[in-house]
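# Analysis of the macromolecular model
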Amino acid sequence: MSKENSGSGQKAVTTDEFIKGLWRDNPVFVQVLGMCPVLAVSNTAENALAMGLATAFVLLMSNILVSLLRNFVPKQVRIASYILIIATFVTVTDYAIQAISVELYKSLGAFISLIVVNCLILSRAEAFASKNTLWKSILDALGMGVGFTFALFCLGAVREILGNGSIFNLPIFPEGFQNWIVMILPAGGFFTLAAWLLIINVIQTRKVKT
Amino acid sequence: MNTESLGAIFLNACLVNNFVLAYFLGICPFLGVSGKVETASKMGGAVMFVMLISSMCAYGIHAGLVAINAPYLQLISYIVVIASTVQLVEMFIKKMSPALFRSLGIFLPLITTNCAILGVALFQTNKGYGFLESVIYALGAGVGFTIALLLIAGLREQLNFAEVPGISKGTALTLFIAGILSLCFMGFAGLGA
């Protein structure tokens, strides 16, 4: 899953904790974690961005709390307590989004609640925040959160441009553009993510060769 | 209240709105354990069982929470029930069949974070299903999950013998197959209506 070796990490530059989530260990494109919301709500750029930010917020808050409590939580019940911490913050986010925009709340639907079971958040809590200091955990969460949002936006933008002919509800194609309806449909989510993974594979094989 | 017939609910959850291919729930085990048909079928069985139990519990919890007027506890109590059910299933399988326990490995505890299970509990609450309807809904979702898992596992077993371009090996290829399967499942639209 994650590659960092937390024990010998004192010398590592702290900014590295932030940067690694953006590209090298990108949660979606490289680690393939948290796929469910990625595919389900990335049908428009707006939804994708909102979902990414909500997930990043929960990730940040739960990483902070897990890191603060890392010396107090008994090892046997750690997963259960992490889940409880995450569920609490997701409930907060759920009510916050409902208060900010009912429209957005409706289009995201049950997927806000489903952030609880996003493997990305639990895996960061278990693999990173439970072993590292508060400051490092915050940077890690920010990096992963931004990386996740970026990946979601990549998917959402492609799907909205091709499937709806617009970006952020602004039409960008001239009249007569035939929308690729399939991109808005569930199948389009699978195809778009597969295409992104192909592109990233190509880039990485090039890098290895040179 | 809901007026759908029980058969329609089952068909809807199982084929028309298949949890994996239409709602994208439970993608992690879908990509993780879909390498072999045998493991996939056992995984499907375990998920179906947890789904049924947690769906029944979710119905009871929802009724209780409405009674004490505390809907904000919904998510937290659902996830606790699911986590303890998974723990129970894990102990049961370990006792009854150690071989199966070893072959499922890490994916057994990970059922807790399977979105499909929490998804069933949340959707049935949102749709206002009664007890019997909830059980049928969970059953349909479980069967649908198993079908999707078996289909993709069978395809991947065959693909091991195919020559594909190096860059598309692994997750990318599986996602392409899933996309095509999802297109096929769209053919079921309107079946349960």
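This report concerns the structure included in the present document. These figures come from a predicted structure and were not determined experimentally. (Residues numbered from 1 in each chain as written. Chains lettered and ligands numbered in written order. Predicted model: local features only at pLDDT ≥ 70, side-chain atom pairs only at ≥ 80, totals over all residues.)

## Looking at the overall build of chain B
What chain B contains, in helices and strands, is eight helices and zero strands. The N-to-C order of helical and strand elements in chain B reads α-α-α-α-α-α-α-α. Over its C-alpha atoms chain B spans a radius of gyration of 17 Å, differing by no more than 12% from the 16 Å that the globule rule assigns to 193 residues. Principal axes of the C-alpha set define a box for chain B whose edges measure 60 × 45 × 25 Å. Expressed as a percentage of the 193 residues in chain B, the buried residues total 45%. Taking contacts inside chain B between residues at least 6 apart in sequence as the whole, the part at least 24 apart equals 81%. (Helix = DSSP H or I, 4+ residues; strand = E, 2+ residues; numbered from the N terminus. Rg over C-alpha atoms; globule rule 2.2 N^0.38 Å. Buried ≥ 20, exposed ≤ 12 C-beta atoms within 10 Å, placed from the backbone. Contact = placed C-beta atoms within 7 Å.)

## Topic: the overall build of chain A
When helices and strands are counted, chain A shows nine helices and two strands. In sequence order, the secondary structure elements of chain A are arranged as α-α-α-α-α-α-α-β-β-α-α. Taking 210 residues into account, the globule formula puts the C-alpha radius of gyration at 17 Å, and chain A, at 18 Å, falls close to it. Once the C-alpha set of chain A is aligned to its principal axes, its extents read approximately 60 × 50 × 25 Å. Evaluated residue by residue, chain A yields a buried proportion of 45% over its 210 residues. Residue pairs at least 24 apart in sequence account for 76% of intrachain contacts in chain A once pairs closer than 6 positions are excluded.

## As for the interface of chain A and chain B
The partner chain B presents 32 residues to the 32 residues of chain A that form the contact. A per-element tally of the side of chain A that touches chain B places helix H9 (residues 186-209) of chain A first, with twelve residues. For the side of chain A that touches chain B, the per-class residue count stands at 26 nonpolar, six polar and no charged. (Nonpolar A, V, L, I, M, F, W, Y, C, P; charged D, E, K, R; others polar.)

## A few points about H9 of chain A
Here H9 of chain A contains 24 residues, and its C-alpha end-to-end distance of 36 Å stays within 8% of the 34 Å for a straight helix at 1.5 Å per residue. When H9 of chain A is considered as a whole, its buried residues turn out to be Pro186, Ala187, Gly188, Gly189, Phe190, Phe191, Thr192, Leu193 and Leu197 of chain A. Considering only its buried residues, H9 of chain A is in contact with helix H2 (35-40), helix H7 (134-164) and helix H8 (181-184) of chain A together with helix H8 (171-185) of chain B. (Expected span 1.5 Å × (residues − 1).)

Remember that the coordinates give geometry; whether it matters functionally is a separate question.
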